[in-house]
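Architecture at a glance
Below, each chain spelled out in residue letters.
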Amino acid sequence: MRTRLLAAAALVLFLVAAPALAHHSFSAEFDASKPFKLTGVVTKVEWQNPHTVFYLDVTDERTKKVTNWSFEMGSPNGLMRNGWTRNTLKIGDVVSVEGSLARDGSPYGNARAVVLASTGKRLFAASSQTEAQ
Amino acid sequence: MIRVAGVAIALTIVIASFWTADAQGPAARRPAEPAPRLADGTPNLGRVPGEKGVWDVPYIQNMGMRIPGADGRTAAERGPAAPETGGRGGAQAEPDVPFLPWARGIYDYNSRNNSKYDPEGFCLPPGGPRMMATPYPMEFIQQPEQKRIFMVFEGATHIWREIYMDGRAHPQGDALNPTYLGHSIGHWDRDTLVVDVVGFNENTWLDYYGHPHTDLLHVVERFTRPDKRTLHYEALIDDPGAYSKPWTVAWNIPWNVDGELTEYICQENNKYLQKLTDDFGQSVVGR
């Protein structure tokens, strides 16, 4: 039963994450071995192809220094299939982002999932990181 | 005691049968619906009236893993996909791909830099079999009365291709202008749509992993719909400019019953290209 549940969970995850869109090489730009989880305030959203990009003011807890990060997600068609609309993220929203950091060390990352602080809703970001054969 | 053992065995059988059914997934439990046909009896590779549906083209990154072996199965079907963690095996890891030396060299280069210069990253379209490996929905529009078939692709730049079914030949010589998607002529071989394609330009890769091709590329595609929810795709890759002999790749494409095409215009805000630098650190745009 447990196995069946796990299998079902895996299937659901697969179905949700399946419409991963491919544009450029994920691994040329991002490092899957450098995961991140960051929380901040949305400052800008570019709901555009081939990647929706949003910007987040993230405050360093220790130094209180604010850095404006940007995160790449899938394209609007892929995001809409994952339950997004162009108004899902609004300027001023507090969100947590999970994904992989850019290889060049800049405050930039590939977002795999986004959690909205106001609702706790977790949304898959149609990332191209699902690089199955 | 025997009764207890009998019950245990019966239970085991019941559980095992559940497990088997479960392992095959819900799709396997549902009897496969036959592929639909058009009024004239030809297989319908698209929708039936009153229903939605698109083909959910899978993300196939490496066609070297999709070569059917002696048992008819590909490496991807035989074993779990190798995780892509940066290091790739290059040509050495693909003994079944008949690389010519230069093709081997450029493939190794593409492996080492993680496909940094993939033309799809520049928002250029896929050419040849990669159209069926770039993960955006696709539809067939058959027009038997006009002797042509369209394939409409949402992704990798919102493209369509026309397959001439009127018996014409490929243009010869300079009349064949090299293009991204090539010149496609098709015919039905029983229930298989066979499409012969030539006239490709050299601006595309065969796949994300960067198998190269030249303008000598000749592709023979075979499309079948074994049941309503499955499209089987097979492509012969015949390019004497890059490979010492033809090789074949194959995979299945699932039908998404609720799917519809949406818009995807890759060129809108391609920050990747804006940031892309060459091996000497120089920007590749504006030069």
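Description of the structure in this document. (Residues numbered from 1 in each chain as written. Chains lettered and ligands numbered in written order. Predicted model: local features only at pLDDT ≥ 70, side-chain atom pairs only at ≥ 80, totals over all residues. Heavy atoms only, no water.)

1. Notes on the overall build of chain A
Check the secondary structure of chain A and you find three helices and six strands. Within chain A, contacts between residues at least 6 apart in sequence are counted, and of these 58% link residues at least 24 apart. Element-wise, carbon and sulfur atoms account for 59% of the exposed surface of chain A, whose accessible area totals about 6,600 Å². (Helix = DSSP H or I, 4+ residues; strand = E, 2+ residues; numbered from the N terminus. Contact = heavy atoms within 4.5 Å. Areas by Shrake-Rupley, 256 points an atom, 1.4 Å probe, with all protein chains shown as cover.)

2. Points about the side chain of B:Lys116
You can see B:Lys116 is positioned in the loop between α3 (101-112) and β2 (137-143). Buried charge without a partner: B:Lys116 forms no salt bridge, and the closest opposite charge is B:Asp279, 4.2 Å away. Residue contacts for B:Lys116: discarding those within four places in its chain leaves A:Ala28, B:Tyr272, B:Leu276, B:Thr277, B:Asp278 and B:Asp279. (Buried < 20%, exposed > 50% of the residue type's maximum accessible area, 1.4 Å probe, protein only. Lys, Arg positive; Asp, Glu negative; His and termini not counted. Salt bridge = Lys/Arg side-chain N within 4 Å of Asp/Glu carboxyl O.)

3. Re the environment of B:Arg66
With respect to the element layout, B:Arg66 can be found in the loop between β1 (54-56) and α2 (75-78). Along the sequence, B:Arg66 and B:Glu77 sit eleven residues apart, while their C-alpha atoms lie 8.2 Å from each other.

4. Comments concerning the sheet that holds strand β9 (residues 247-256) of chain B
Strands in a sheet are paired, the pairing made by backbone hydrogen bonds, and the direction either parallel or antiparallel. A barrel is described by the order of its strands in space; here nine strands give the closed sequence β1-β2-β3-β4-β5-β6-β7-β8-β9 (chain B), paired in mixed fashion. For this sheet the average axis-to-axis angle between neighbouring strands, irrespective of direction, equals 30°. (Pairing = 2+ DSSP bridges. Axes fitted to C-alpha atoms, helices over the stretch in contact; angles between N-to-C directions.)

5. So, α3(B)
With twelve residues, α3(B) should cover 16 Å at 1.5 Å per step; its first-to-last C-alpha distance of 17 Å lies within 8% of that length. Of the residues trailing α3(B), B:Asn114 is marked for its positive phi of about 55°. (Expected span 1.5 Å × (residues − 1).)

6. Some thoughts on the state of the cysteines
All names here are of chain B. For the structure on display, the rule yields one disulfide over all chains. Residue Cys 123 pairs covalently with Cys 266 via a disulfide, S to S 2.0 Å. As the torsion about the S-S bond is roughly -65°, the Cys 123-Cys 266 disulfide counts as left-handed. Linking Cys 123 in the loop between α3 and β2 with Cys 266 in the loop between β9 and α5 (271-275), this pair joins segments that are 143 residues apart in sequence. When its relative accessible area of 5% is taken as the criterion, Cys 123 is described as buried. (Disulfide = S-S within 2.5 Å.)

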